[in-house]
Structures are given as structure tokens and as C-alpha cells.
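Spelled out, the chains give:
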Amino acid sequence: MFRRVSAAAVGAVLVGTLAACGSGGSSDASDDDDSITMGFAQVGAESGWRTANTQSIKDTAEAEGVTLKFSDAQQKQENQIKAIRSYIQQKVDVIAFSPVVETGWDTVLQEAKRAKIPVILTDRSVDSDDTSLYETFLGSDFVLEGEKAGDWLVENADEADTDKDGKINVVQLEGTTGAAPAIDRAEGFKEKIGADPRIEVVASQTGDFTRDGGKKVMESFLKSQPDIDVVYAHNDDMGLGAIEAIEAAGKKPGTDIKIITVDAVKDGMTALAEGKINFIVECNPLLGPQLMDLAEKVVAGEEVPERVVTEEATFDQEQAKAALPDRQY
């Protein structure tokens, strides 16, 4: 499971504070030889989740003395590739990014490898046969998230059959086409709902992880699908957009149409507490501390796991009410 094996820290825990360390001689991007310079290429600012993720990374970098060079790709792969090449030219110590889509990264990651700059993937992975192009992937198990959503629907199938006709018609609001969470959340959900033949995904379309996208797609679904029992949205923002469309159509979200989402940001949790969403699978955006800890290790040449999975929960209405007062995102 491990690459670049060293004698130290086989069981290193990936939570804690970031100690100052040398740059390993690979960077002239910072005047302080004892600090790490990280180039981070973010997907964009398409959702509340992404905003919280960005803030966690920026806040932790500042607190731990990491010099952060940050770019917003505005959900365009070409912008991320351009940013990564810029970081290579600047000779940063480490590059981290959340890939907009899974494919098309080998060339630029080969360039980083030739420059001997380690790469960390966060939140989303890449589809590449050459796993030596990156040191580790930090993020959620998106397939598992989809499975959790599917399990809940199977367990609550009788309630989800809103018109009691023996069929459960699901419409799916997909994330960005080609993005790992969109692919994996759909896969996990499909796998689990197969246990109940009453459940069928009757329509599925991308809302691009945005609230406006979710609203527009749901408006279309309400016109084209006469009997919708359940909405499965790949993130809270699209689910919140769907709520707007459902209410505008004179229906009651959470009652007339059940809603399942992924993320558990405050707006989504508030809607869950109010009964407008029925179930949320958490996807924790606060990856800053783990990311900076991993950055320290790879710059120092230490071994790290190829996969670091974040711990996440699920929420129903009562659990959301209990969690909201102390919710950080």
C-alpha cells in the first residue's frame, strides 16, 4: 500500500499540528528555508462545500506557516493544468489539487514528477494507470457515500412510495460530468437500490454541483416525469435548488417528494432539520489539517498511505437538529 518506503513513521497518524521542516532543497519559491511552499489548484467555488473546503485549506496553511499559492479553476480543467504548470515553474515544494474531472492529467503530472515536485490529490482522485504520478489521495470514499444514500432509500422504501402504487420513481441530480464524486456516488447508489426492484432511477442529469443547476434540472424533471417519489442529489446545493423547483410547482419537499443529498453543509442541514430534506450523507470539507500534515511528510521524503479516507457520518432530521448548533460548515 505504501510508496517511497522509508524507515520512519509506518503508522504515522494523519491528524495533528504541522512542525516546521526543511524544504528538502527542491524549492526557491520561498525566502524562508524552513517553510513549505504549496501550490493549490482548487476546482472553483461552485458550492457551500467547496467554500468551506477552501477556507479550511487557507486557514490551516496560515496557522501552520505554509506559504500557499492558491488558484481557482472556475471548474475548468484547462485552468487547473495552467496553474499546475505555473507552480512547477515557480519550483514550489509540493502541489495539491482537487481534479475537476478524472481523466487527462498524465501529461502535466509527468511534468511535476520530472521536476521532482510531489503531488497530493485532495477530495477527488484521477483515473490514471500510473499511480507514481502522485503521492497520495486525501478525501472521501464517494462510492461509499452513494451506498449510504441507497441503503437509506431501501430501508425507507415504503415511506418513499409517496403515491403507494408499488413503484418508487427516483430522479438523480448528478454532479459535474466526468468528476469522480459524480461517477462514484451514482455507482454506489445504483448498487444498493438494486436490492429493491420497486426502486428505479427514471431520469438522471447533471446539475453541475450548483444550486441553480439543481433547480433548472428539477424544473425539467417535474415537467417530463409525472410521478416523482424521490430526488437523489449528489450534493446539498443541487438538492436545495430542487427544493425551490418543487415548492414553485406547488408540492411539498420532504413529504410529496423525498430528498436525499450528500455533503451536510449548514444550508443543507437546516433544510433537513426543517423536514425539506429527508436524509444527508456527510462529505467532510475540512481537509486542511490533514493536507498540511501530508505535505510536511512528502516534502520530508517520508512514506504516506496511497489513500487517506476522511471519517464521515449520516444525518436524519433529529440528528441534524442536534448537530446544527455546533456545525463548523
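Anything mentioned here points back to the structure above.
Residues numbered from 1 in each chain as written. Predicted model: local features only at pLDDT ≥ 70, side-chain atom pairs only at ≥ 80, totals over all residues. Heavy atoms only, no water.

1. Description of the packing of aromatic side chains
Put simply, the rule reads: Ring geometry is summarised as follows: Phe, Tyr and Trp rings, the Trp one being its six-membered ring, pair when their centres sit within 6.5 Å, and such pairs are stacked at plane angles under 30 degrees, edge-to-face over 60 and tilted between the two. The numbering of helices and of strands both runs from the N terminus, where a helix is a DSSP run of H or I of at least 4 residues and a strand a run of E of at least 2. Counting as a charge over the ring demands two things of the Lys NZ or Arg CZ atom: a distance within 6 Å of the ring centre and an angle within 35 degrees of the ring normal.
Applying the stated rule across the entire model yields 4 aromatic pairs. Aromatic side chains F97 and W105 sit 5.0 Å apart centroid to centroid with 55° between the ring planes, which places their arrangement in the tilted category. Arranged with centres 5.3 Å apart and planes meeting at 10°, the rings of W152 and F279 form a pair that is stacked. Taken together, the residues W152 in helix 4 (residues 142-155) and F279 in strand 10 (residues 279-282) connect sequence positions 127 residues apart. Its guanidinium or amino end placed over the ring of F70, K58 lies 4.5 Å from that ring's centre, counting from NZ or CZ.

2. As for the side chain of D196
Test applied: Relative accessibility under 20% of the residue-type maximum defines a buried residue, over 50% an exposed one, and the middle range a partly exposed one, all with a 1.4 Å probe and only protein chains included. Only heavy atoms matter for contacts: two residues are in contact if any of them lie within 4.5 Å across the pair.
If you trace the backbone, D196 turns up in the loop between helix 6 (180-193) and strand 7 (199-206). On the basis of relative accessible area, D196 is assigned to the buried category, the value being 8%. Setting aside chain neighbours within four positions, we find D196 in contact with V154 and A157.

3. Points about empty space enclosed by the protein
Threshold: With a 1 Å grid laid over protein atoms only, a set of points is called a cavity when a 1.4 Å probe fits there but cannot get out and a pocket when it is open yet has protein on both sides within 12 Å along at least five of seven lines; lining residues have an atom within 4 Å of a point. Grid points are joined across faces, edges and corners, and a volume is the space filled by probe spheres set on the points. Classification convention: Asp, Glu, Lys, Arg as charged; Ala, Val, Leu, Ile, Met, Phe, Trp, Tyr, Cys, Pro as nonpolar; all other residues, Gly among them, as polar.
All chains considered together, the criterion is met by 2 cavities of 30 Å³ or more. In this structure, the largest cavity encloses a volume near 100 Å³. Looking at the largest cavity, it is lined by 13 residues, and the ones nearest its centre are W49, R50, R124, R185 and D263. Among the secondary structure elements, those contributing two or more residues to the lining of the largest cavity are helix 1 (48-64) and helix 6. When the residues that make up the lining of the largest cavity are grouped by side-chain class, the tally is 5 nonpolar, 2 polar and 6 charged.

4. Observations regarding the packing of helix 8 (residues 236-248) against helix 9 (residues 266-273)
Using the following cut-off: Structural elements are reduced to axes, namely lines fitted to C-alpha atoms, with helices fitted over the stretch in contact, and the angle between N-to-C directions of any two is expressed from 0 to 180 degrees. Roughly parallel here means an angle under 35 degrees, roughly antiparallel means over 145, roughly perpendicular means 65 to 115, and every remaining angle is called oblique. The hand of a helix crossing depends on one turn: near helix anticlockwise from the far one by less than a right angle means left-handed, and clockwise means right-handed.
For the pair helix 8 and helix 9, the least separation of the axes is 9 Å and the interaxial angle reads 50°. Classified by the interaxial angle, the pair formed by helix 8 and helix 9 is oblique. The handedness of the crossing between helix 8 and helix 9 is left-handed. Residue-level contacts link D236, L240 and I243 of helix 8 to D267, G268 and A271 of helix 9. Per-class residue counts for the contact of helix 8 with helix 9 are 3 nonpolar, 1 polar and 2 charged.

5. A short note on the nonpolar core
Generally speaking, a soluble globular protein has its nonpolar side chains buried in company with each other. Condition: Put simply, buried Ala, Val, Leu, Ile, Met, Phe, Trp, Tyr and Cys residues joined by side-chain atoms within 4.5 Å make one nonpolar core.
Formed by 30 residues in total, the largest nonpolar core has its most connected members in L173, M218, F221, V231, M269 and I277. Sorting the residues of this core by element identifies strand 6 (168-174), helix 7 (211-224), strand 8 (230-233), helix 8, helix 9 and helix 11 (317-323) as the ones contributing at least two each. The leading source of residues in this core is helix 8, at 6 residues. Within the second largest apolar cluster, 23 residues are counted, among which are W49, F142, V170 and V262.

6. Observations regarding the sheet that holds strand 2 (residues 67-72)
Selection criterion: Paired strands, as defined in this entry, are two strands with at least two bridges between them according to DSSP.
Taken together, 6 strands build an open sheet; the order of strands is 2-1-3-4-5-11 and the sheet is parallel. The open sheet has two edge strands with one neighbour each: strand 2 and strand 11 (307-309). Going from strand to strand, the sheet's axes swing by 20° on average, the running direction of each strand aside. Note: strand 4 (residues 119-122) against strand 5 (residues 136-139), 3 bridges, orientation parallel.

7. Quick word on the pattern of salt bridges
To keep things clear, this is the line we draw: Criterion for a salt bridge: a side-chain nitrogen of Lys or Arg within 4 Å of a carboxyl oxygen of Asp or Glu.
A complete count under the given rule lists 18 salt bridges for this structure. Between R124 and E46 there is a salt bridge, and its shortest N-O distance comes to 4.0 Å. Of this pair, R124 sits in the loop between strand 4 and strand 5 while E46 sits in the loop between strand 1 (37-42) and helix 1; the two residues are 78 residues apart in sequence, bridging distant segments of the chain. Residue K215 pairs with E244 through a salt bridge whose shortest N-O separation is 3.6 Å. Highlighted residues: K215 in helix 7 and E244 in helix 8, separated in sequence by 29 residues. You can call K215 partly exposed: its relative accessible area is 27%.

8. So, the environment of V43
Summarising the element assignment, V43 is placed in the loop between strand 1 and helix 1. Taking the C-alpha atoms as reference points, V43 and R124, separated by 81 residues in sequence, lie 9.7 Å from one another.

9. With respect to the packing of helix 4 against helix 6
Two packed helices can be described by the angle between their axes and the distance between those axes. Orientation of helix 4 relative to helix 6, taken along the N-to-C sense of each, is 35°, at an axis distance of 6 Å. As helix 4 runs across helix 6, the sense of the crossing is right-handed. Packed against helix 4, whose contacting residues are F142, V143, E145, G146, E147, A149, G150, D151, L153 and V154, the element helix 6 presents A180, P181, D184, R185, E187, G188, F189, K192 and I193 at the interface. Across the contact of helix 4 with helix 6, the residue classes tally to 9 nonpolar, 3 polar and 7 charged.

10. Thoughts on helix 2 (residues 77-90)
Each α-helix turn comprises 3.6 residues. Residues three or four places apart therefore point the same way. Selection criterion: Given a helix with a known number of residues, its expected span is that number minus one, times 1.5 Å. Comment: arc refers to directions from the helix axis out to C-beta atoms.
Under the 1.5 Å per step criterion, the end-to-end length of helix 2 is 20 Å for 14 residues, consistent within 8% with the ideal 20 Å. Taken as a whole, helix 2 has its buried residues at Q80, I81, A83, I84, Y87 and I88. Looking down the long axis of helix 2, one finds its buried residues gathered within 160° of arc, a one-sided arrangement. Of the exposed residues in helix 2, the ones pointing more than 90 degrees away from its buried face are E78, K82 and Q89. Looking at the buried positions of helix 2, the neighbouring elements they touch are strand 1, strand 2, strand 3 (94-97) and helix 3 (106-114). Immediately beyond the C-terminal end of helix 2, within one or two residues, lies K91, with a positive phi of roughly 60°.

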